[in-house]
Amino acid sequence: MFMKKTIYLYIILIFVSTTACWAQTAPQTAKILTVAGLKENVMVRRDDRAIPYIEAGSDADLYFAQGYTTASDRLWQMDLYRRVARGETAELFGNTALEADKRWRRFGFSQIVEEAFKSFTPEYKGILENYARGVNAYIATLDEKTLPIEFQILKYKPSDWKSTDSLVIGAILADGLSTTWQADVMRVSFADLPKEKFDQLFLEKTPLDVLIVGKDNQITDSKFQIPNSKTELIEFALKDEEIRKSSLERIGFYQEFNAASNNWVVSGKRTLDGKPILANDPHLPASAPSIWYLSNLSSPTMRVSGVTFPGVPGIVLGHNEYIAWGATNLGPDVQDLYAETFNDKNQYKTPSGWETAKIRREKIKVRKNVLSPETETEILDVTETRNGVIITEQNGKKYALKWTARDPKNDSFEGFLLLNRAKDWDDFNAALKTYGGAAQNFVYADVKGNIGFHNGGRIPIRRTGDGSMPYDGATGDGDWVSVIPYEELPNSFNPPEGFIVTANQRIVGDSYKYFLTHLWSSPHRARRIYQLLQANSKVTVNDMMDIQRDIFNISYSGFAREVIKTEAASKETLDILRGWDGKMSADSNAALLVGEIRNVFLNKILTANVGAERVKNYRWGLSASFVDWLAAEKPANWLPKEFANFKDLLIASDREARANLSAKYGADAGKWLFGSAFKIRFNHPLSAAPLIGSIFAIDAIPQYGNGLTPNVGTSVSMRHITVPGNWDETRHGIALGESGNPKSSHYRDQLENWKSGNTQVFPFSKAAVEKAAKEVVVMLPIK
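Here we summarise the structure given alongside this text. Predicted model, so just to flag it, every value in this text is computed and none were measured. (Residues numbered from 1 in each chain as written. Predicted model: local features only at pLDDT ≥ 70, side-chain atom pairs only at ≥ 80, totals over all residues. Heavy atoms only, no water.)

1. Some remarks on the overall build of the chain
For the chain, the count of helices and strands is 24 helices and 28 strands. The C-alpha atoms of the chain give a radius of gyration of 27 Å, which matches the 28 Å a tight globule of 783 residues would have. By its C-alpha atoms, the chain is 90 × 70 × 55 Å across when sized along the principal axes. Here the chain holds 783 residues, and 62% of them are scored as buried. Expressed as a percentage of contacts within the chain between residues at least 6 apart in sequence, the contacts between residues at least 24 apart total 73%. Summed over its atoms, the accessible surface of the chain is roughly 29,800 Å², and 50% of this surface lies on carbon and sulfur atoms. (Helix = DSSP H or I, 4+ residues; strand = E, 2+ residues; numbered from the N terminus. Rg over C-alpha atoms; globule rule 2.2 N^0.38 Å. Buried < 20%, exposed > 50% of the residue type's maximum accessible area, 1.4 Å probe, protein only. Contact = heavy atoms within 4.5 Å. Areas by Shrake-Rupley, 256 points an atom, 1.4 Å probe, with all protein chains shown as cover.)

2. What to know about unusual backbone geometry
Generally, phi is negative for residues other than glycine and the peptide bonds are trans, each holding for most cases. Cis rather than trans, the peptide bond between A288 and P289 has omega equal to -5°. Within the secondary structure layout, P289 lies in the loop between β5 (277-281) and β6 (293-299). With a phi angle near 70°, L691 is a residue other than glycine that sits in the positive phi range. The class for L691 is exposed, based on a relative accessible area of 84%.

3. Things to note about the nonpolar core
Counting 158 residues, the largest nonpolar core has F253, F682 and M779 as its most contacted members. Among the elements that line this core, the one with the most residues is helix α2 (residues 59-86), at 13 residues. Formed by 53 residues, the second largest nonpolar core is a distinct cluster that contains A183, L519, A560 and W580. (Core = buried A, V, L, I, M, F, W, Y, C linked by side-chain atoms within 4.5 Å.)

4. Some points on the side chain of T730
For T730, the location among the structural elements is in the loop between β26 (718-722) and β27 (731-734). Side chain to side chain, T730 and T722 meet in a polar contact 2.7 Å long. In this structure, T730 is in contact with H319, H720, I721, T722, Q760, V761 and F762, ignoring residues within four places of it in sequence. (Polar contact = N/O pair within 3.5 Å; in protein donor to acceptor, adjacent residues only side chain to side chain.)

5. Here's the deal with the environment of R658
Mapped onto the elements of the fold, R658 is located in helix α21 (residues 646-665). Counting along the chain gives 73 residues from R658 to S585, while the straight-line C-alpha distance between them is 19 Å.

6. Structural notes on the packing of helix α6 (residues 122-139) against helix α8 (residues 163-178)
Interhelical geometry of α6 versus α8 gives an angle of 105° and a closest axis separation of 7 Å. With respect to α8, the element α6 is oriented roughly perpendicular. Residues Y124, L128, E129, Y131 and A132 of α6 form the contact with α8, whose participating residues are S163, S166 and L167. Considered class by class, the residues forming the contact of α6 with α8 number 5 nonpolar, 2 polar and 1 charged. (Axes fitted to C-alpha atoms, helices over the stretch in contact; angles between N-to-C directions. Parallel < 35°, antiparallel > 145°, perpendicular 65-115°, else oblique. Nonpolar A, V, L, I, M, F, W, Y, C, P; charged D, E, K, R; others polar.)

7. Quick notes on the pairing of strand β28 (residues 775-781)
The side chains of a regular strand alternate, first on one face of the sheet and then on the other. A large share of β28 lies buried, amounting to 6 of its 7 residues. As paired elements, strand β2 (residues 42-46) and β28 share 5 bridges and run antiparallel to each other. Looking at β28, one finds that R46 is bridged to E775. (Pairing = 2+ DSSP bridges.)

8. Comments concerning the layout of surface pockets
Where empty space is left becomes clear once a probe the size of a water molecule has been rolled over the atoms. The calculated volume of the second largest pocket comes to roughly 640 Å³. Around the second largest pocket, the lining is made up of 26 residues, and of these E384, W403, R406, D407 and P408 lie nearest the centre. Put simply, the parts of the chain that give the lining of the second largest pocket at least two residues each are α5 (109-118), β13 (358-369), β16 (397-403) and β21 (480-483). (1 Å grid on protein atoms, 1.4 Å probe; cavity = no way out; pocket = protein on both sides within 12 Å on 5 of 7 lines; lining within 4 Å. Points joined across faces, edges and corners; volume = space filled by probe spheres on them.)

9. Brief notes about the sheet that holds strand β8 (residues 317-320)
The strand order β1-β28-β2-β3-β6-β7-β8-β9-β17-β18-β22 describes an open sheet built from 11 strands, whose pairing is mixed. Strands with a single pairing partner mark the edges of an open sheet, and in this sheet they are β1 (31-35) and β22 (491-493). Neighbour to neighbour, the strand axes of the sheet diverge by 20° on average, direction disregarded. The pairing of β6 with strand β7 (residues 302-308) spans 7 bridges and is antiparallel. Note on β7: the bridge partner recorded for L294 is V307.

10. Let's talk about α21
In this model α21 runs 28 Å from its N-terminal to its C-terminal C-alpha over 20 residues, within 8% of the 28 Å that 1.5 Å per residue would give. Taken as a whole, α21 has its buried residues at F646, L649, L650, A652, S653, D654, A657, R658 and L661. Contacts made by the buried residues of α21 are with α16 (554-566), α17 (571-578), α18 (589-610) and α20 (623-633). The opening residue of α21, the one whose side-chain oxygen lies 3.1 Å from the backbone nitrogen of K647, is N645. (Expected span 1.5 Å × (residues − 1).)

11. A word on the pairing of β7
Of all 7 residues in β7, 7 are buried, a share of seventy percent or more. Linking β6 back to β7 in an antiparallel pair, the connection comprises 2 residues. Note that β7 and β8 share 4 bridges and pair antiparallel. The residue of β8 that forms the bridge with S305 is H319.

12. Topic: the side chain of R82
With respect to the helices and strands, the residue R82 is situated in helix α2. A residue is classified by how much of its surface remains accessible, and R82, at 6% relative accessible area, is buried. The residues contacting R82, other than those within four sequence positions of it, are P158, S159, D160, W161, K162, D165 and V168.

13. Looking at the sheet that holds β27
Strands sit in the order β23-β4-β5-β26-β27 across an open sheet of 5 strands; the sheet is antiparallel. Each of the sheet's edge strands pairs with one partner strand only, and the pair in question is β23 (499-502) and β27. On average, each strand axis in the sheet is tilted by 5° relative to the strand beside it, whichever way the strands run. Alignment of β26 against β27, held across 4 bridges, turns out to be antiparallel. Considered in β27, the bridge of H720 is made with H732. Each of β4 (262-266), β5, β26 and β27 touches helix α15 (residues 541-549); the most contacted strand, β5, lies at about 20° to it.

14. Topic: the pattern of salt bridges
On inspection of all chains with the given rule, the structure shows 47 salt bridges. Note that E770 and R45 form a salt bridge whose closest N and O atoms lie 3.8 Å from each other. Remark: R45 occurs in strand β2 and E770 occurs in helix α24 (residues 766-772); sequence separation between them is 725 residues. Here the salt bridges do not stand alone but share partners, grouping D79, R82, R83, R86, E91 and D165 into one network. (Salt bridge = Lys/Arg side-chain N within 4 Å of Asp/Glu carboxyl O.)

15. Some details on empty space enclosed by the protein
Per the counting criterion, the structure on display carries 11 cavities of 30 Å³ or more. Here the largest cavity is characterised by a volume of approximately 230 Å³. For the largest cavity, the lining is made up of 20 residues, of which L173, L177, W292, F309 and Q440 are closest to its centre. For the lining of the largest cavity, the secondary-structure elements that each account for two or more residues are α8 and β9 (323-329). When residues of the lining of the largest cavity are assigned to their parent elements, the largest contribution, 3 residues, is made by α8. Here the residues of the lining of the largest cavity sort into 14 nonpolar, 6 polar and no charged.

This is how it looks when you write it as structure tokens:
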């Protein structure tokens, strides 16, 4: 299973060649692996989940061994990640991936990471280089028969891993978590609405919001100004979003509205044992293999444990001996469009006159036949102005995209490597100050009992406006004059409430002086978590697990109560709703029925008010809150003309919903189950391939939970709960398993625990790690 073409020697006595400290702890039976490139011996223990616990005598050997070990489990996934971000997937999948590759090539991340690497400190360069050397040492052990199965199926071999291959993975995170311009453009199609309706449709504040910083003035007032612009970008935005979706879904990184994750941290003042507890569960789509990889890393300079992305050194989310941290997506507006004025000389207009646009030629290899590695070349010329790359031309106007992710100074991973060594709140902030990836809500807890929260990331300050609509590139109105200073990003330290919750909700009130975004996620998850924590002053790890498993839907439950209160449904529906506990259980017919009634209800209202052709353009993170408001307030200005009142509208919605469900699932309402209608599917990039796809298949699971419940079901990518000071109580698990090999027993061995939410213990102390070890490999340098 682990490490191909190794030299295995089974020994009876302790290794003479190992260090003195290992002589006291090494098991009596271990495997020896000789590896070119190491300086000293490295010990790799594996537990019953095959999680590697890597212990090295130097940082150089530690990251080398991490690269080697991760590649031994996830090499093809690593290769696919770098290919996606570099726009090289058509070389594997042919024309079906060409448009996605063109989109990535326009961004130019391959060039950006090379430029970024030049400015790194020697220490950071060294980590990336040592990790890459480890990956390549593993690649060197492979032949045609021992290559991971995906390489064999697609008939190609991996090229050497470069230091910048790790960096370019950050571009995937940026695209998945910070793409905002399409949502801005979508609102343009609703510009003809009266301002009152526009503000109600695109509401940003709700009574359920869980703020961390600042206070609000009014609930319904919107800061967004209705755009006075044409709609030529709308169709392109929809098309670009579909291409983006297909590309990111292939590797498990697509999430609508950039919404991803829950985290919270509780002070020891509100826990049973007096120690703080931190919890985190990032939300990204189910995929095979899992996007996360569990590891424990130990050297003389640090001991750290948690998850990382295959291909990225260090630990991204987890804890060390002193602090723990978690993250959710903040989702600020970090992309702006600029309408550029060009002449026939490839010059574009600027505030200081005409400038010549840069032209970058990209050569994209496209596989002619999926069964053969033979390719042809597609040429793509990319134009770039001072504002960014030209992403489209509409009605004679060329539009440039500016994006924080395209700034070489905005690195995604050094901050995490510094977090791996942080010892306190000051170190935590010093690390995050360097972080330039997709902006996150970071939560913090330490062994001294402190808890905290701080945003990390670069958020632009515009000269004028907020980037909601394209700027005129010929002026300086849309210039980014600065970024929000780190010290002034939203933050909190030991708040009086004794706990902090983030779940992609609006976290700042009107009094916060900087613009972050108009596009917040639904507050329902955050509010539910807040309610459960507020009601419990003696929180335990088991309580945290229960919250991560919680599938009560505030929004759906409230909607059902409104239907019951007004008797606005058939007797059959009312009977079902009266017996419902508000939970999105797989075996619940009420959950499915309420969801369908809501969908019909909203569609009828939008069709009547904005037109059927524009309903598809309504993509808003707070659409559930809009439905909450409609059902509770029953505003006359939104009621379709064919109905006398909202009760009649709801009755009609129920009737249509029941007809829809009957057509799909049969006339027996008892069989209209939420988990039958919605499935959790772990798709591998090759699982849909004829004949061979079954190799990677994992049976679909009836879904429970949805995007409005703490347990979002299909999108829970990992779960983490930890108690600073009691690190061996840490619970940490991923959705499937450590191995990317479908024939391995560790390809999906964590799935049952993931389904139940019974997250397994992840030992940390040296004694606990030694006790948990089921396999030990000593990596020896070739001398």
